[in-house]
Amino acid sequence: YSTTPGLNSTIFKKSIFSKNSKYIYIQHSPVSLVMAYDKKAFTEFNAIQTINSFQYREVKQINSLYSKKIKPFKSKYKFLKYNKKQHNKNLLIAPTWKTDFYSSGFYLIFFHKLIDKNINFEFRPHYMSLKNKEFDIRNLDFIKNKIDISPTLKLSDYKNLVSDWSGIYIEFLILNKRKPYLFNSKKKILNSDYNLNFGMKSIEEYTRDKICFTYNFDQLDLFITDFKNKENEDYENQDVNKFLIKNFYI
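Below: a short report on this structure. (Residues numbered from 1 in each chain as written. Predicted model: local features only at pLDDT ≥ 70, side-chain atom pairs only at ≥ 80, totals over all residues. Heavy atoms only, no water.)

### Regarding the packing of helix α2 (residues 106-116) against helix α7 (residues 220-230)
Helix packing geometry: the angle between the two helix axes and the distance between the axes. Heads up, the rule is: Axis geometry follows a simple rule: fit a line to the C-alpha atoms, using only the stretch in contact for helices, then measure angles between N-to-C directions, giving values from 0 to 180 degrees. For the purposes of this entry, the term helix denotes a DSSP run of H or I that reaches at least four residues, the term strand denotes a run of E that reaches at least two, and both are numbered from the N terminus. Put simply, angles under 35 degrees are roughly parallel, angles over 145 are roughly antiparallel, angles from 65 to 115 are roughly perpendicular, and the rest are oblique. Each crossing gets its handedness from the near helix: less than a right angle anticlockwise from the far helix is left-handed, clockwise is right-handed. Between two residues, a contact is recorded if the distance between any of their heavy atoms is within 4.5 Å. Three classes are used: nonpolar for Ala, Val, Leu, Ile, Met, Phe, Trp, Tyr, Cys and Pro, charged for Asp, Glu, Lys and Arg, and polar for all others, with Gly counted as polar.
Where α2 meets α7, the closest approach of the two axes is 11 Å, and the angle between their N-to-C directions is 40°. Considered as vectors, α2 and α7 are oriented oblique to each other. Helix-helix and strand crossings are classified by hand; for α2 and α7 the assignment is right-handed. Contact residues: α2 offers F106, I109, F110, K113 and L114, while α7 offers L220, D221, F223 and I224. Its residues assigned to classes, the contact of α2 with α7 shows 7 nonpolar, no polar and 2 charged.

### Examining the layout of surface pockets
Filter applied, for reference: A 1.4 Å probe that fits into a set of points on a 1 Å grid over the protein atoms alone but cannot get out defines a cavity; an open set with protein on both sides within 12 Å along at least five of seven lines defines a pocket, and lining residues are those with an atom within 4 Å of a point. Grid points are joined across faces, edges and corners, and a volume is the space filled by probe spheres set on the points.
In this model, the largest pocket occupies a volume close to 1200 Å³. Counting only elements with at least two residues in the lining of the largest pocket, the list comes to α3 (127-131) and α4 (168-176). In the lining of the largest pocket, the residues fall into 22 nonpolar, 8 polar and 7 charged.

### Considering the pattern of salt bridges
Applied cut-off: Salt bridges are identified by distance alone: a Lys or Arg side-chain nitrogen within 4 Å of an Asp or Glu carboxyl oxygen. Here's how the labels work: a residue is buried when its accessible area is under 20% of the maximum for its type, exposed when over 50%, partly exposed in between, all with a 1.4 Å probe on protein chains only.
Counted according to the given criterion, the structure contains 10 salt bridges. Note that D136 is salt-bridged to R138, the shortest N-O span being 2.9 Å. The class for D136 is partly exposed, based on a relative accessible area of 27%. Note on R138: relative accessible area 63%, which makes it exposed.

### Let's talk about the packing of aromatic side chains
Our working rule: For this analysis, a ring pair means two rings from Phe, Tyr or Trp (six-membered ring only for Trp) whose centres lie within 6.5 Å, classed as stacked if their planes differ by under 30 degrees, edge-to-face if by over 60, and tilted for the remaining angles.
Taken as a whole, this structure holds 33 aromatic pairs when the rule is applied. A ring pair is formed by Y107 and F111, whose centres lie 6.3 Å apart and whose planes are at 85°; its orientation type is edge-to-face. Here Y107 and its partner F111 are both found in helix α2, 4 residues apart, which amounts to about one turn of the helix. Taken individually, Y107 and F111 each receive the classification buried, so the pair is uniform in this respect.

### A short note on the nonpolar core
Heads up, the condition is: The term nonpolar core refers to a set of buried residues drawn from Ala, Val, Leu, Ile, Met, Phe, Trp, Tyr and Cys, joined through side-chain atoms within 4.5 Å.
Judged by nonpolar contacts, the single largest core of 43 residues is most densely connected at Y37, F42, I48 and F248. Of all the secondary-structure elements, those providing two or more residues to this core are α1 (53-66), β6 (158-163), α4 and α8 (238-247). Residue contributions to this core peak at 7 residues, all from α4. When near neighbours in sequence (up to four residues on either side) are disregarded, I48 contacts Y25, Q27, L33, F42, V59, I70, K71, P72 and F73. Judged by nonpolar contacts, the second largest core, of 24 residues, contains L114, F121, Y181 and F213.

### Some details on the pairing of β6
This is how the line gets drawn: Two strands pair if DSSP finds at least two bridges between them.
With 6 of 6 residues buried, β6 lies mostly within the body of the structure. Two elements, strand β4 (residues 89-93) and β6, share 4 bridges in a ladder whose sense is parallel. If you follow K89 over to β6, its bridge partner there is Y158. One ladder, built from 2 bridges, connects β6 with strand β7 (residues 181-183); its direction is parallel. Across the sheet, V162 pairs through a bridge with Y181, a residue of β7.

Okay, structure coming up:
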């Protein structure tokens, strides 16, 4: 059992001592298996847990494209801790890595705008953004008391979320039944064959069109207006509930 992809295509190798071992992949994210990972990330597993209908269909596609017989099995997503919703914090900003959220300079404009509008927030950068030095954290001294790089996170504490292509916004949907705010950074595609071989929409592409508030980088003022209007609303969105019931194995 492993939550690490890339079996036999990275330093993660099959055992040379046990030829009959079976390898089962357990999900640590609800995102697409064919867009957000390398094209060979799952081809060597014998079975793959799928936590939503999108992942289930994608395993079928992987089998067809690479002539594999991987068994997809449906299961509840166990990675999340289903804490009681507290909503004692206003806004979490949690972008993913390997987009242009930082390289475009948008993040600095965004943070200054939030401060100017007296919007309380916490910023949680992705571990890989820090590791790959996608931004200089010294440029963020003006929000140093708002940066969270702790090893644990309780999404249920937050009433609102801003992200881009991170799977965290889907986890936020599952836990809080509220629409997140997403900025259209450069689409995160780690599979070089995605556009060529996979025709169906990924869960990231589908949900942001259907059950999220989305903005381009030049629509920051529109986001501020929308956020201010909805900031203190306390509700579970019915569109989100319907989507989760229909597509997630919960």
